[in-house]
Amino acid sequence: MSAVMRWRCSFVLVAAVGAALSCSSPPDDVFPGKNLIMIGLDTVRADHLGVYGMTPSPTPEIDAIAAESVLFERAYSTASWTLPSFASLFTGLLPSEHGSIGGAQSKLPQGRLTLAELLKAHGYATQGYVAVDWLTDAFDMDQGFDSLGTYVKGKVSVRYEQYEKEVHAFLDSPPSEPYFLFVHIYDAHAPYRPPPPFDGMYFSGDPKSPEKSSLEVLFSEETRQRSMHPPETLYGWLEGVTDIDYPISQYKAGISYLDRKVGDLMARLRESGQLERSVVAIVGDHGEHQTEHGFYF
């Protein structure tokens, strides 16, 4: 274990932050003199990381980080989608307590104390970079942040690249005071279209093979009745695909791409001299359906 404790796990801050928020302890009581960096990996299943058992591992960078970190093996998401789960990570509360659960109750209530607000009250600079509107001021998820960067819609599988340079620039010229940095990486989310050389790296064959028919279920009446959205909206990116191994392997490829980006971010932390002055938490907000419970992608 290195002198600086670096955390690698899904949902690790729920316990640590919850304790701090409940008594409004100064951050120095929890992380003495350290910056706090949260890297949020959207839609990443724990069982698709090498450190949680997938072999061969698609995540060598995260595995290497875990080897010198505290790994949490019994950490659970509070919700199955982004907004309520990150609201829990930011407040230390269950969705039933913080109230940001979707529909008419999508916004995070102003009366809920967030991690960014707590740290800001104790002299921290607070900066975030997010890749989906659920985490922006539109849903009051900016509470306590000096800035959340600029959310820009674009191809899901490469959204992080739109602000990666801004994140690195922040690390190269950080504030003079301790800081809380939240970096949200959305790129494992459907549709699974990672850039080269990751695209197709775990699949061989013809995804539209006439000999396969396992994806017909996506456009079935049963799926239509189960979902809040038309199957054409959810699965249009798979039109004509018949082999279910294709999207499943593409999801894994997207996680390998995301792993590379996490490795690049950690390398920048080291090069800038920020790592040894920081506590880094790598967390996941929720996993992904890969046919379980009759749901897909």
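Keep in mind that what you see is a predicted model, and the values were worked out from it rather than measured.

Colleague: Which parts of the structure should I look at to understand the overall build of the protein chain?
Modeller: Within the protein chain, the regular secondary structure consists of ten helices and six strands. A fraction of 75% describes how many contacts in the protein chain between residues 6 or more apart in sequence connect residues 24 or more apart.

Colleague: Any chance you could explain the pairing of strand β2 (residues 35–41) here in plain terms?
Modeller: Within a regular strand, side chains alternate between the sheet's two faces. The buried count for β2 comes to seven of seven residues, which makes it a mostly enclosed element. Relative to strand β6 (residues 278–284), β2 runs parallel, the two sharing seven bridges. Within the sheet, the bridge partner assigned to I37 lies in β6 and is V280. Both β2 and strand β5 (residues 179–185) contribute to a ladder of six bridges, which runs parallel. Within β5, the position partnered with G40 by the bridge is H184.

Colleague: Please clarify how the layout of surface pockets should be interpreted in this entry.
Modeller: Gaps between atoms show up when a probe of the same size as a water molecule is rolled over them. In this model, the largest pocket occupies a volume close to 1,500 Å³. Along the walls of the largest pocket sit 43 residues, with S80, W81, H286, E288 and H289 positioned nearest its centre. For the lining of the largest pocket, the elements supplying multiple residues, two or more each, are α8 (221–226) and α9 (231–235). If you tally residues by element for the lining of the largest pocket, the top one is α9, at three residues. The residue inventory of the lining of the largest pocket, partitioned by class, reads 22 nonpolar, 14 polar and seven charged.

Colleague: Which parts of the structure should I look at to understand the nonpolar core?
Modeller: Taken as a class, soluble globular proteins show a tendency for nonpolar side chains to be buried jointly. Counting 67 residues, the largest nonpolar core has I39, L41, M141, F180, F182, V262 and F297 as the members making the most contacts within it. Ignoring anything within four residues of it in the chain, the contact list for L41 reads I62, I185, L258, V262, I282, V283, G284 and D285.

Colleague: What is the right way to look at the pairing of β5 in this model?
Modeller: In terms of residue burial, β5 counts as a mostly covered element, since seven of its seven residues are buried. The alternating pattern of β5 places Y179, L181, V183 and I185 on one face and F180, F182 and H184 on the opposite face, and all of these are buried. Bridge analysis of strand β4 (residues 125–129) against β5 gives five bridges, and the strand direction is parallel. If you follow Q127 over to β5, its bridge partner there is L181.

Colleague: Hey, could you run me through the side chain of H286 in this one?
Modeller: Take H286: it is sitting in the segment after β6. Under the relative-accessibility criterion, H286 is labelled buried at 7%. Of note is the side chain of H286, whose polar atom sits 3.4 Å from the side chain of T82. Reaching out from H286, the side chain makes a polar contact with the side chain of D285 at a distance of 3.3 Å.

Colleague: Would you take a moment to explain the pattern of salt bridges for this structure?
Modeller: Any two side chains of opposite charge can pair, given that their charged atoms come close. Applying the stated rule across the entire model yields seven salt bridges. The salt bridge partner of E161 is K261, with a shortest N-O separation of 3.8 Å. Of this pair, E161 sits in the loop between β4 and α7 (164–172) while K261 sits in helix α10 (residues 245–271), and the two are 100 residues apart along the sequence. Using a relative accessible area of 39% as the deciding quantity, one classes E161 as partly exposed. Residue K261 is classed as buried on the basis of its relative accessible area of 10%. Put simply, R268 and D172 hold a salt bridge, and the shortest N to O gap is 2.6 Å. Separated by 96 residues along the polypeptide, R268 in helix α10 and D172 in helix α7 bring together distant segments of the chain. Several salt bridges share partner residues, and in doing so they unite R45, D47 and E292 into one network.

Colleague: When you look at the packing of aromatic side chains in this model, what are you seeing that I'm missing?
Modeller: Given two aromatic rings, their pairing is described by the distance between the two centres and the angle made by the two planes. Tallied over the full model, the rule gives 19 aromatic pairs. Between F145 and F182, the aromatic rings sit 6.5 Å apart at their centres with planes inclined by 40°, giving tilted as the arrangement. In this pair, F145 sits in the loop between β4 and α7 while F182 sits in strand β5, placing the two residues 37 residues apart along the sequence. Take F145 and F182: they sit in the same class, and that class is buried. Through successive ring pairs, a cluster of aromatic residues spans F86, F90, F145, F180 and F182.

Colleague: Is there a simple way to think about the packing of helix α3 (residues 60–67) against α10 in this case?
Modeller: Helices that pack against each other are described as a pair by the angle of their axes relative to one another and the distance between those axes. It is the contact of α3 with α10, at a shortest axis distance of 7 Å, that shows an interaxial angle of 50°. Considering their axes alone, α3 and α10 lie oblique with respect to each other. Within the contact between the two elements, α3 uses P60, E61, I62 and I65 and α10 uses L258, D259, R260, V262, G263 and M266. Along the lines of polarity and charge, the residues of the contact of α3 with α10 split into six nonpolar, one polar and three charged.

Colleague: Quick question: what am I supposed to make of the side chain of S69 here?
Modeller: Structurally, S69 can be placed in the loop between α3 and β3 (70–71). S69 sits in the buried class, given a relative accessible area of 9%. In this structure the side chain of S69 is engaged in a polar contact, spanning 2.5 Å, whose partner is the backbone oxygen of I65.

Conventions used here
Residues numbered from 1 in each chain as written. Predicted model: local features only at pLDDT ≥ 70, side-chain atom pairs only at ≥ 80, totals over all residues. Heavy atoms only, no water. Helix = DSSP H or I, 4+ residues; strand = E, 2+ residues; numbered from the N terminus. Contact = heavy atoms within 4.5 Å. Buried < 20%, exposed > 50% of the residue type's maximum accessible area, 1.4 Å probe, protein only. Pairing = 2+ DSSP bridges. 1 Å grid on protein atoms, 1.4 Å probe; cavity = no way out; pocket = protein on both sides within 12 Å on 5 of 7 lines; lining within 4 Å. Points joined across faces, edges and corners; volume = space filled by probe spheres on them. Nonpolar A, V, L, I, M, F, W, Y, C, P; charged D, E, K, R; others polar. Core = buried A, V, L, I, M, F, W, Y, C linked by side-chain atoms within 4.5 Å. Polar contact = N/O pair within 3.5 Å; in protein donor to acceptor, adjacent residues only side chain to side chain. Salt bridge = Lys/Arg side-chain N within 4 Å of Asp/Glu carboxyl O. Phe/Tyr/Trp six-rings, centres within 6.5 Å; stacked < 30°, edge-to-face > 60°. Axes fitted to C-alpha atoms, helices over the stretch in contact; angles between N-to-C directions. Parallel < 35°, antiparallel > 145°, perpendicular 65-115°, else oblique.

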